[in-house]
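For reference, the chains in residue letters:
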Amino acid sequence: MVLVDNHAAKDGAEDGTLVDFRGNPVDKSRTGGWLAAGLILGTELSERICVMGISMNLVTYLVGDLHLPASKSANIVTNFMGTLNLLGLLGGFLADAKLGRYLTVAIFASIAALGVTLLTLATSIRSMKPPECDSRKGHCIAASSQQLALLYTALYTLALGGGGIKSNVSGFGSDQFDPSDPKENKSMIYFFNRFYFCISLGSLFAVTVLVYLQDNVGRGWGYGISAGTMVLGVAVLIGGTTFYRFKKPQGSPLTIIWRVLFLAWRKRKLSYPSDPAFLNEYHNAKVPHTHMLRCLDKAAIIDDSATANENSKNRWIVSTVTEVEEVKMVLKLIPIWSTCILFWTVYSQMNTFTIEQATFMNRNVGNFAIPAGSFSFFLFISILLFTSVNERVTVRIARRLTHNIQGLTSLQRVGIGLVLSVAGMVASALVERLRRDRAIHDNFKIRAFWLVPQFFIVGAGEAFAYVGQLEFFIREAPEGMKSMSTGLFLSTLSMGYFVSSLLVSLVTKVTKRSWLKSNLNKGKLDLFYWLLAVLGVINFLVFIVFSMRHQYKVKHLSSLEDSKEELKDWKDLTLSNKEKKLGAEEKEEA
C-alpha cells in the first residue's frame, strides 16, 4: 500500500490546503478531477454490492439453512445493519482526528474485504451448517453457537469495514474538486448525483444478480463474487493513490462536544457572570451568544484555573463562547433526531419480515421462480423514481404554493416520509392478513407481487425522509461541525435497526412467540405491522410538536442580528436625545 507522507502533509496542508501523496501542493492538471473521483466511486460501488447483497437476503439463509427462528433471524440482520451504521461515527472520528479520509477508507475497505471473505467461508464449509430438516417428522435442528461463531465474526468484521467506508468515501470524493474553481465546483455537484447513482446501481445489482446466485447456485458463489468485488475495489483505490488530492485531518468535532460537556459539569457549582460579556472570547465569538441551555455557558467561565494567559488558551481548562454555542446547536437537533429513528425501524422490515413473507407466496413467472430477496428491486426502483419526481414535480408545485425557493423545507420532507412509513405498514398488515387467510383456509398461495405496494410506499417515504433528514442535519449543524452531520444522520439509521431488534424481542416475549413464528402461517405478523403503524402515528404527532418548536438556524441568526440592529438603533437614538437635551440646557444657561 502506498501511504501518504503525513509529515509532509502536515507542513503543506495547513488550514485545509490540499496536497498530493508526497505532501506537496496539488497540481490540478495531474491530480483530482473525475479520474480520481471515479476510482473512489468504485470503492463505494463495491461496498454497496457487498452490504446490500448480504443484508437483503440474509434472513432467508438464517431461517432456511440454519433453521433459526424468524424473530432471531430478523434481529441478526437488523443488529448487523445497525452496527454498520453506528460504526460510521468511529470511521468519521478516526478520519477527522488522526488518519485522514484516504487512509481510513483504504484500511476499512480492506477490513470489509476480509469480512465478506470470512462470510464466504462460513456459508461454504459444510460443518458450519446444521443437518437438513427431517421432511417426514418436520423436525429441524438449529445451528449451534459454535456454527454461528464464524458467521458472527464475518458479519461484524464487514460491519466495521462498511462503517468506515460509508462515513468517509463521499467526503474523500468531494475533496478531488476545488469549490473555488467554478468548473470544478460544477463537477462536484455532478459527483454527488453520481455517488447516489452508484449506491442505487450497486443495490440493484445485489438484489437481482447476487440474490439469484445465492438462492440458485450457492451462497458461497454469491458471497464469493462480493468478496472479489471488494478486493478489486481496494486494489483500484490504492492503485490510484498518485492521482488523489489529500486533506490534512482537522480534528474531530466529537472532541469539542465532549470537552464542553465535561467542563460544564466540572464547573457546575460556579455562579454565572453578571454579564455574558465576561465569558471567554465573548466578543470574538463566530456564533451569537444565546440563553438556550444556559448551563453549558459555565464551560466558558474564566475561573481561577483559567486566569493565567496561557491557561485561557487551553481548551481543557476553559471553552470559548463559539464552542459552547456550537454544542448548543447540536443538542438542539436531538428532539428531531429522536423522531427520525422510527422511520428506519419501519424501513428495516423491508430487509427482514417482508422478504420472509415472499418465501410463503407464489413467486413464479412462468417456469422461473423469482428469489424472495429480489423483490427488494421494487424498493430501490421506487426510491429512484420518487427522488426524480420530487425534484422535477413536487418541489416545483410546492414553490408555487409556498413561494419558498426550497419548495418543501427539510422538516416537511421528513414529515411526509413519516406519514408514508405509516401507510406502508398499513399496506403490509392488510397484505399479510390476506396472504395468511388464503393460505390457511384455501390452501392457496397468493402472488408475491402483492408485496409491491408496501415496497413502493416505503420507498417513496425514503425518497422524502432520506433527503429531508440529510439536508436538515447538514444545514442545521454548526459550520465547524459539518463533518459530524453525516454521522448524526447515520446514527438515526443505526438506532432504527436497533429499535427494530428491541421491538421484535419484546413482542416475542410478551406474546410468547405467538405473533412472530418461523412459519408465518402459524403466526400473526399482521398484528406486528399494525403495532408499528400505531407507533408511527404517535411518533408523527411528537414530530409535529418538535418541528413546530424548532427554529431554523438561518432564521434564528437573522433574528439575533435584527435584535442587535434594533438595540444599536435604540442606543443611537437614546444617545442622540441626550446630546440634544444637553445642548438645549447649555443654550438656556448661556
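It should be emphasised that the depicted structure is a prediction, and the values quoted were computed from it without experimental measurement.

Basis of the calculations
- Residues numbered from 1 in each chain as written.
- Predicted model: local features only at pLDDT ≥ 70, side-chain atom pairs only at ≥ 80, totals over all residues.
- Heavy atoms only, no water.
- Axes fitted to C-alpha atoms, helices over the stretch in contact; angles between N-to-C directions.
- Helix = DSSP H or I, 4+ residues; strand = E, 2+ residues; numbered from the N terminus.
- Parallel < 35°, antiparallel > 145°, perpendicular 65-115°, else oblique.
- Left-handed = near helix turned anticlockwise from the far one by under 90°.
- Nonpolar A, V, L, I, M, F, W, Y, C, P; charged D, E, K, R; others polar.
- Core = buried A, V, L, I, M, F, W, Y, C linked by side-chain atoms within 4.5 Å.
- Buried < 20%, exposed > 50% of the residue type's maximum accessible area, 1.4 Å probe, protein only.
- Contact = heavy atoms within 4.5 Å.
- Phe/Tyr/Trp six-rings, centres within 6.5 Å; stacked < 30°, edge-to-face > 60°.
- Lys NZ or Arg CZ within 6 Å of the ring centre and 35° of its normal.
- Disulfide = S-S within 2.5 Å.

Following both chains from N to C, one finds helix H16 (residues 410-441) and helix H19 (residues 525-549) inclined at 165°, their axes separated by 8 Å at the closest point. By the angle class used here, H16 and H19 are roughly antiparallel. As H16 packs across H19, the resulting crossing turns out to be left-handed. Per-class residue counts for the contact of H16 with H19 are 17 nonpolar, five polar and four charged.

Attention now goes to the nonpolar core. Among the nonpolar cores identified, the biggest contains 122 residues, and Ile54, Leu62, Met230, Tyr244, Tyr347, Phe353 and Phe528 are the most heavily contacted of them. Ignoring anything within four residues of it in the chain, the contact list for Tyr347 reads Leu379, Phe380, Ile383, Val458, Glu462 and Tyr497. Within the second largest apolar cluster, 14 residues are counted, among which are Ala264, Leu279, Ala300 and Val330.

Our next topic: the packing of aromatic side chains. How two aromatic rings sit relative to each other is set out by the distance from centre to centre and by the angle between their planes. Per the counting criterion, the structure on display carries 21 aromatic pairs. Judged by centre distance (5.2 Å) and plane angle (65°), the rings of Trp34 and Phe177 are edge-to-face. On the criterion of sequence distance, the pair formed by Trp34 in helix H2 (residues 33-55) and Phe177 in the loop between helix H7 (169-174) and helix H8 (182-216) is long-range, its members being 143 residues apart. With a centroid separation of 5.2 Å and 80° between ring planes, the pair formed by Tyr102 and Phe246 is classed as edge-to-face. In this pair, Tyr102 sits in helix H5 (residues 101-124) while Phe246 sits in strand E2 (residues 246-247), placing the two residues 144 residues apart along the sequence. Take Tyr102 and Phe246: they sit in the same class, and that class is buried. In textbook terms, an aromatic cluster arises when at least three aromatic residues are bridged by ring pairs, as seen for Phe343, Trp344, Tyr347, Tyr466 and Phe489. Directly above the aromatic system of Tyr272 lies the positively charged group of Lys298, at a separation of 4.8 Å from the ring centroid.

Tallied over the full model, the rule gives one disulfide. The partner cysteine of Cys133 in its disulfide is Cys140, sulfur to sulfur 1.9 Å. Residues Cys133 and Cys140 are joined by a disulfide whose S-S torsion is about 115°; by sign, that bridge is right-handed. For Cys140, a relative accessible area of 36% corresponds to the partly exposed category.

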